[in-house]
Amino acid sequence: METPERSDLINEILTAPFSFLKTLRPGSAVYQALKEAVWREVERLFSAEKPAAVDCGPFGLIRVPFFNMGAVTSRHLLELDCLVEFNLFRANRERYQNYLDLGANIGVHTLMARRCGYTVRSFEPDPIHCDQLRRLMELNPDGGPPPDIRQAAVSDTAGRASFCRVKGNTTSSHLAGAKANPYGELEHLEVAVEAALPHLEWADFVKMDVEGMEATILRATGRRLWETTDALVEIGTAENAADIFDHFQNLGVNIFAQKIGWEKAAALRDLPVNYKEGVVIISTADRVPW
């Protein structure tokens, strides 16, 4: 019988109290030291094409095969920031039921949400990533109901669009026009696009990592949606941050930023403008829903 691997460090972060997680502000010395320590553990545990089972505490045994996406690999989807997000999933198992993964990539967030018992709907336009997502689900069959996996992008309207695959870092791939200056060798393919709003209305918790489309999608929402839905959002540019801040200020909906210790954003400067500054939680709650 296979003996599962385990990391006490990873398990402690997955179950850490919110009071500790608030101290992990991107860029701080404590954050950077812990990030490096987690990375060493991730390299040790998740570097095999045929993965061993890793005991992830409340999430059970997890298998994540090594997958190269250029400058980024599958291991980067298990870094410190991702573990903090998985902690959020765990802490809210009684609060949320329907999880929407917009920009699912190869499915690690989808898997961890499913292990929390959520009903999961996942969107990923890149067919290569989508195949890996399905493989990950096959390697990890236990958990909640099988996710509804949709090979499509999302925007404010439905149709078809040109998708720009960044071959040197496919996690940065995006709908054509969503990024002003894509870098490196590019490959273009046509993909299906679904309107995000009906899916946002279905969900009560959303993870949004849509590579430049976040402001377009969020500006199409009204306050009523946010009375029943919370979202974890990556913001990619200063322009998108300004649009998102203004929109939610007008709606009277709160934005809580990892950049400032998950406090409520009071000014535009409190929002991240790239992934290195962390993510935000959008909610009508008066405090971050942890």
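The preceding data block contains the structure.
As the structure is a prediction and not an experimental result, all values here were calculated from the model. (Residues numbered from 1 in each chain as written. Predicted model: local features only at pLDDT ≥ 70, side-chain atom pairs only at ≥ 80, totals over all residues. Heavy atoms only, no water.)

What follows covers the environment of glutamate 85. Counting through the fold element by element, glutamate 85 comes out in helix 4 (residues 80-91). Taking the C-alpha atoms as reference, glutamate 85 lies 14 Å from glycine 107; in sequence the two are 22 residues apart. If we skip the residues at most four places from it in the chain, glutamate 85 touches His109, Leu232 and Val279. (Helix = DSSP H or I, 4+ residues; strand = E, 2+ residues; numbered from the N terminus. Contact = heavy atoms within 4.5 Å.)

Whether parallel or antiparallel, the strands of a sheet pair through hydrogen bonds between backbone atoms. Pairing is mixed across the open sheet formed by 4 strands, whose spatial order is 7-10-8-9. Only two strands of the sheet have a single partner each, and these edge strands are strand 7 (153-155) and strand 9 (174-175). With 8 bridges connecting them, strand 8 (residues 159-166) and strand 10 (residues 186-195) associate as antiparallel partners. Counterpart to valine 166 in the pairing with strand 10 is leucine 186. (Pairing = 2+ DSSP bridges.)

Taken as a whole and judged by the stated rule, the model has 20 salt bridges. A cluster of three or more residues bridged by salt bridges with shared partners is formed by Arg121, Asp148, Arg150 and Glu194. (Salt bridge = Lys/Arg side-chain N within 4 Å of Asp/Glu carboxyl O.)

Geometry of an aromatic ring pair is reported as the spacing of the ring centres plus the angle between the planes. One pass over the structure, following the stated rule, counts 11 aromatic pairs. With centroids separated by 5.2 Å and ring planes inclined at 65 degrees, the aromatic side chains of phenylalanine 89 and tyrosine 99 adopt a geometry described as edge-to-face. Here phenylalanine 89, found in helix 4, pairs with tyrosine 99, found in strand 4 (residues 98-102); they are 10 residues apart in sequence, far enough to count as distant. Across the pair, tyrosine 99 and phenylalanine 89 agree in class, each one buried. Ring pairs connect the aromatic residues Phe59, Phe86, Phe89, Tyr96, Tyr99, Tyr118 and Phe205, which therefore count as one cluster. Lying across the ring of tryptophan 202, arginine 121 places its NZ or CZ 4.0 Å from the centre. (Phe/Tyr/Trp six-rings, centres within 6.5 Å; stacked < 30°, edge-to-face > 60°. Buried < 20%, exposed > 50% of the residue type's maximum accessible area, 1.4 Å probe, protein only. Lys NZ or Arg CZ within 6 Å of the ring centre and 35° of its normal.)

A few words on the nonpolar core. Formed by 52 residues in total, the largest nonpolar core has its most connected members in Phe86, Phe89, Val108, Trp262 and Trp290. Looking at this core, the elements with two or more residues in it are helix 1 (8-14), helix 2 (18-21), helix 3 (29-45), helix 4, helix 5 (108-115) and helix 6 (127-139). Beyond its immediate sequence surroundings of up to four residues, phenylalanine 89 is in contact with Tyr99, His109, Met112, Ala113, Cys116, Tyr118 and Phe205. Ala152, Ala178, Ile217 and Leu225 belong to the second-largest nonpolar core, a separate cluster that totals 38 residues. (Core = buried A, V, L, I, M, F, W, Y, C linked by side-chain atoms within 4.5 Å.)

With that settled, consider helix 6. Between its terminal C-alpha atoms helix 6 stretches 18 Å, which fits the 18 Å expected from 13 residues at 1.5 Å a residue. Residues of helix 6 that are buried include every one of His129, Cys130, Gln132, Leu133, Leu136 and Met137, and no others. Within helix 6, the buried residues cover an arc of 160 degrees as seen down the axis, which keeps them to one side. As for helix 6, its buried residues are in contact with helix 5, strand 5 (119-123) and strand 6 (148-150). In this structure aspartate 126 caps helix 6, since a side-chain oxygen of it lies 2.8 Å from the backbone nitrogen of isoleucine 128. (Expected span 1.5 Å × (residues − 1). Arc of directions from axis to C-beta. Polar contact = N/O pair within 3.5 Å; in protein donor to acceptor, adjacent residues only side chain to side chain.)

Below, the discussion takes up the sheet that holds strand 1 (residues 5-6). Here we have 3 strands laid out as an open sheet, ordered 1-2-3, and mixed in their pairing. The sheet is open, and its two edges are formed by strand 1 and strand 3 (61-62), each paired on a single side. Sheet topology places strand 2 (residues 54-55) next to strand 3; 2 bridges connect them, and they run antiparallel. Note that in strand 3 the partner of aspartate 55 across the bridge is leucine 61.

To continue, consider the pairing of strand 5. Burial within strand 5 is extensive, with 4 of its 5 residues counted as buried. With 5 bridges connecting them, strand 4 and strand 5 associate as parallel partners. If you follow leucine 102 over to strand 5, its bridge partner there is phenylalanine 123. Sheet analysis places strand 5 next to strand 6, joined by 3 bridges and oriented parallel. Along strand 6, the bridge assignment pairs phenylalanine 123 with arginine 150.

What follows covers the pairing of strand 12 (residues 230-233). Covered by surrounding structure in strand 12 are Asp230 and Leu232 together with Ala231 and Val233, the residues of both alternating faces. Looking at chain direction, strand 12 and strand 15 (residues 280-283) are connected through 3 bridges and run antiparallel. Across the sheet, leucine 232 pairs through a bridge with isoleucine 281, a residue of strand 15.

For the rest of this paragraph, the subject is the environment of serine 19. When you line up the elements, serine 19 lands in helix 2. Between the C-alpha atoms of serine 19 and serine 155, which are 136 residues apart in sequence, the distance is 35 Å.

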